[in-house]
Amino acid sequence: EKGMSTEELAYNLAIGEGELLGYLYSKGVRFHGLRTLDRDIVKMVCEKYNVEVLDVDPMKVEEMAKKKEIFDEDDLDKLKERPPVITIMGHVDHGKTTLLDYIRKSKVAASEAGGITQGIGAYKVQVPFDGKSLPCIFLDTPGHEAFGAMRARGARVTDIAVIVVAADDGIRPQTNEAIAHAKAAGVPIVIAINKIDKDGASPDRVMQELSSIGLMPEEWGGDIPMVKISALRGENIDDLLETIMLVAELQELKANPDRTAKGTVIEAGLDKSKGPVATFIVQNGTLRTGDIVVCGEAVGKVRALFDDRGIRVDEAGPSIPVQVIGLNNVPLAGDEFEVVSSLDIAREKAEARAEALREEHIAAKAGEGKITLSSLA
Ligand code: GTP
Ligand code: MG
């Protein structure tokens, strides 16, 4: 069934998901499980916000999500190595979470509602490479078609896209979409051909299909690394990790840890006891407790930081995902954040951002920059 998640609709309308849910509730819309909206409801909401629904244009999400330059000139002589951020993408049920579970030696897939990933999970993992143990950040994304915006965001903050393709199923719509996101973001692609343990698995057919859409396997003289794995049995995962590390090494990833932090919000929501909670990926600088941040229209003083295992930390450096408490509002996933020197400045910036959004909405109304709801067919 076609539909769009409330998360993605809120993202596209540049409003808080809480606001959207409140509006839907007032209109009598109720959810059981996945918060997916059909076309009529999306249209109703768009009418309220004076945004026109256009036909499918998956590239529009990318345009919104174009990678921005994060370094200042001052940073250039202070750059240090940083861990790679690797996003796992691919069609629903092709084994993304199982792969990440194996890499992390944990069991997220088994505990997910209906086995479907709903948010971007961000995890730090130590990977053995070149006689060392190196930190890597992995992001898990949902394959469900309603989550295009999340995959676009995943591609934006990422250094390497690992695209999982099930060997018994081949290229499917969200495989293509993931490839498009990675290409639009200019991110190198590594293919993990998964489920090679299954009856009917045909890795060769998958390689054939991929080469026919321009992704030629290294094995066949092309430039796309492809590793045949079984995430369930843990087969060839070492090879996959080594391939990822080799690609990462070539990128010479760097940032300046000795400055105030900047980065991107990858998830945000309202927690009953903690209030607004946002997961940030720091892309430059170091974020610390007590820092004053502005992200999107939200501002606040960082009251507490939690790492990917829920453990309280004092700071988070480049590439590190961290949960932030202390914002006055729930920012939008995809918003950029930065540390500023005072709450006044933070409020000014948030106000300027709100103003810019209002102008975008007016432009959308005037028929200039129309918003495309990419998951609606
Ligand atoms: P979404 O998050 O919903 O997009 O799915 P996903 O890509 O994260 O898939 P998930 O890891 O939840 O796996 C889907 C199903 O495939 C589960 O039943 C897994 O046990 C199974 N699976 C994953 N990898 C393998 C594999 O290598 N071999 C076999 N036989 N089954 C696998
Ligand atoms: Mg999953």
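If you're wondering where the values come from, they're calculated on a predicted model, not measured in any experiment. (Residues numbered from 1 in each chain as written. Chains lettered and ligands numbered in written order. Predicted model: local features only at pLDDT ≥ 70, side-chain atom pairs only at ≥ 80, totals over all residues. Heavy atoms only, no water.)

## As for the overall build of the protein
Turning to step 1, where the next piece is worked out: Tallying secondary structure elements over the protein gives 10 helices and 19 strands in all.
Turning to step 2, where the next piece is worked out: Residues classed as buried in the protein amount to 52% of the 377 residues present.
Turning to step 3, where the next piece is worked out: Relative to all contacts within the protein whose residues are 6 or more apart in sequence, the contacts with residues 24 or more apart total 71%.
Turning to step 4, where the next piece is worked out: If you sum the accessible surface of the protein, you get close to 17,400 Å²; carbon and sulfur atoms cover 48% of it. (Helix = DSSP H or I, 4+ residues; strand = E, 2+ residues; numbered from the N terminus. Buried < 20%, exposed > 50% of the residue type's maximum accessible area, 1.4 Å probe, protein only. Contact = heavy atoms within 4.5 Å. Areas by Shrake-Rupley, 256 points an atom, 1.4 Å probe, with all protein chains shown as cover.)

## Some points on the nonpolar core
Turning to step 1, where the next piece is worked out: The biggest cluster of nonpolar side chains holds 28 residues, and the ones touching the most others in it are Leu139, Phe280 and Leu287.
Turning to step 2, where the next piece is worked out: Those elements that place two or more of their residues in this core are strand 6 (132–140), helix 6 (148–157), strand 11 (262–271), strand 12 (275–284), strand 14 (292–295), strand 15 (298–306), strand 18 (321–327) and strand 19 (336–340).
Turning to step 3, where the next piece is worked out: Counting residues per element, this core draws most heavily on strand 12, at four residues.
Turning to step 4, where the next piece is worked out: Ignoring sequence-local partners within four residues, the contact set of Leu139 consists of Val85, Ile86, Thr87, Ile88, Leu100, Ile120, Gly121, Ala122, Gly154, Val157, Ile266 and Ile281. (Core = buried A, V, L, I, M, F, W, Y, C linked by side-chain atoms within 4.5 Å.)

## What about the packing of helix 1 (residues 6–13) against helix 2 (residues 17–26)?
Turning to step 1, where the next piece is worked out: Running from amino to carboxyl end, helix 1 crosses helix 2 at an angle of 115°, the nearest separation of the two axes being 9 Å. In terms of axis orientation, helix 1 runs roughly perpendicular to helix 2. When the axes of helix 1 and helix 2 are compared, the crossing they make is right-handed. On the side of helix 1, the interface is formed by Thr6, Glu7, Leu9 and Ala10, while helix 2 contributes Glu17, Leu20, Leu21 and Leu24.
Turning to step 2, where the next piece is worked out: For the contact of helix 1 with helix 2, a count of residues per class yields five nonpolar, one polar and two charged. (Axes fitted to C-alpha atoms, helices over the stretch in contact; angles between N-to-C directions. Parallel < 35°, antiparallel > 145°, perpendicular 65-115°, else oblique. Left-handed = near helix turned anticlockwise from the far one by under 90°. Nonpolar A, V, L, I, M, F, W, Y, C, P; charged D, E, K, R; others polar.)

## Some thoughts on the pairing of strand 14
Turning to step 1, where the next piece is worked out: Side chains Ile292 and Val294 of strand 14 all project onto a buried face; the interleaved residues Val293 and Cys295 project onto the opposite face, where all are buried too.
Turning to step 2, where the next piece is worked out: Turn length for the strand 14-strand 15 hairpin, with the two strands adjacent in sequence and antiparallel, is two residues, and the turn residue Gly296 shows positive phi of about 60°.
Turning to step 3, where the next piece is worked out: Of the pairings in the sheet, the one linking strand 14 to strand 19 comprises four bridges and is antiparallel in character. Each bridged residue has a counterpart across the sheet, and for Ile292 the counterpart in strand 19 is Val340. (Pairing = 2+ DSSP bridges.)

## Let's talk about the sheet that holds strand 8 (residues 189–194)
Turning to step 1, where the next piece is worked out: Strand order in the open sheet formed by six strands is 5-6-4-7-8-9, with mixed pairing between adjacent strands. Of all strands in the sheet, those bounded by a partner on one side alone are strand 5 (121–129) and strand 9 (226–228). When the angles between neighbouring strand axes are averaged without regard to direction, this sheet yields 30°.
Turning to step 2, where the next piece is worked out: With three bridges joining them, strand 8 and strand 9 adopt parallel strand pairing. Looking at strand 9, one finds that Ala192 is bridged to Val227.
Turning to step 3, where the next piece is worked out: Docked against the sheet, helix 7 (residues 173–184) engages strand 4 (85–90), strand 7 (160–166) and strand 8, running at close to 165° with respect to strand 7.

## Quick look at the site of ligand 1
Turning to step 1, where the next piece is worked out: Among the 20 residues in the neighbourhood of ligand 1, the closest are listed as Lys96, Thr98, Thr117, Gly143 and Asp197.
Turning to step 2, where the next piece is worked out: Interatomic distance of 2.8 Å between a backbone N/O atom of Gly143 and an oxygen atom of ligand 1.
Turning to step 3, where the next piece is worked out: When isolated, ligand 1 has an accessible area of 660 Å², and the protein chains bury 83% of it.
Turning to step 4, where the next piece is worked out: No other element matches helix 5 (residues 96–104), which puts three residues into the shell around ligand 1.
Turning to step 5, where the next piece is worked out: Of the residues belonging to the shell around ligand 1, the class tally is five nonpolar, 10 polar and five charged. (Near = heavy atom within 4 Å. Polar contact = N/O pair within 3.5 Å; in protein donor to acceptor, adjacent residues only side chain to side chain.)

## Some thoughts on helix 6
Turning to step 1, where the next piece is worked out: When you tally the buried positions in helix 6, you get 10 out of 10 residues, the bulk of the element.
Turning to step 2, where the next piece is worked out: Within helix 6 the residues assigned to the buried category are Gly148, Ala149, Met150, Arg151, Ala152, Arg153, Gly154, Ala155, Arg156 and Val157.

## Some remarks on the pattern of salt bridges
Turning to step 1, where the next piece is worked out: Counted by the stated rule, this structure contains 13 salt bridges.
Turning to step 2, where the next piece is worked out: A salt bridge links Asp335 to Arg353, with the nearest nitrogen and oxygen atoms 2.7 Å apart. Of this pair, Asp335 sits in the loop between strand 18 and strand 19 while Arg353 sits in helix 10 (residues 343–365), and the two are 18 residues apart along the sequence. (Salt bridge = Lys/Arg side-chain N within 4 Å of Asp/Glu carboxyl O.)

## Re the side chain of Thr6
Turning to step 1, where the next piece is worked out: Within the secondary structure, Thr6 is located in helix 1.
Turning to step 2, where the next piece is worked out: Sequence-distant contacts of Thr6, that is, excluding residues within four places in its chain, are made with Glu17, Leu20, Leu21, Leu24, Phe31, Arg35 and Leu37.

## A few points about the packing of aromatic side chains
Turning to step 1, where the next piece is worked out: Evaluated as defined, the whole model comprises one aromatic pair.
Turning to step 2, where the next piece is worked out: Residues Phe280 and Phe337 carry aromatic rings whose centres are separated by 4.0 Å and whose planes lie at 15° to one another, so their mutual orientation is stacked. Of the two residues, Phe280 sits in strand 12 while Phe337 sits in strand 19, which places them 57 residues apart along the sequence. With respect to burial, Phe280 and Phe337 carry one shared label: buried.
Turning to step 3, where the next piece is worked out: Residue placement shows Lys48 over the ring face of Tyr49; its charged tip is 5.4 Å from the ring centre.
Turning to step 4, where the next piece is worked out: We note Arg104 situated over the ring of Tyr123; from NZ or CZ to the ring centre the distance is 3.5 Å. (Phe/Tyr/Trp six-rings, centres within 6.5 Å; stacked < 30°, edge-to-face > 60°. Lys NZ or Arg CZ within 6 Å of the ring centre and 35° of its normal.)

Read these as layout, nothing more, since geometry by itself doesn't imply function.
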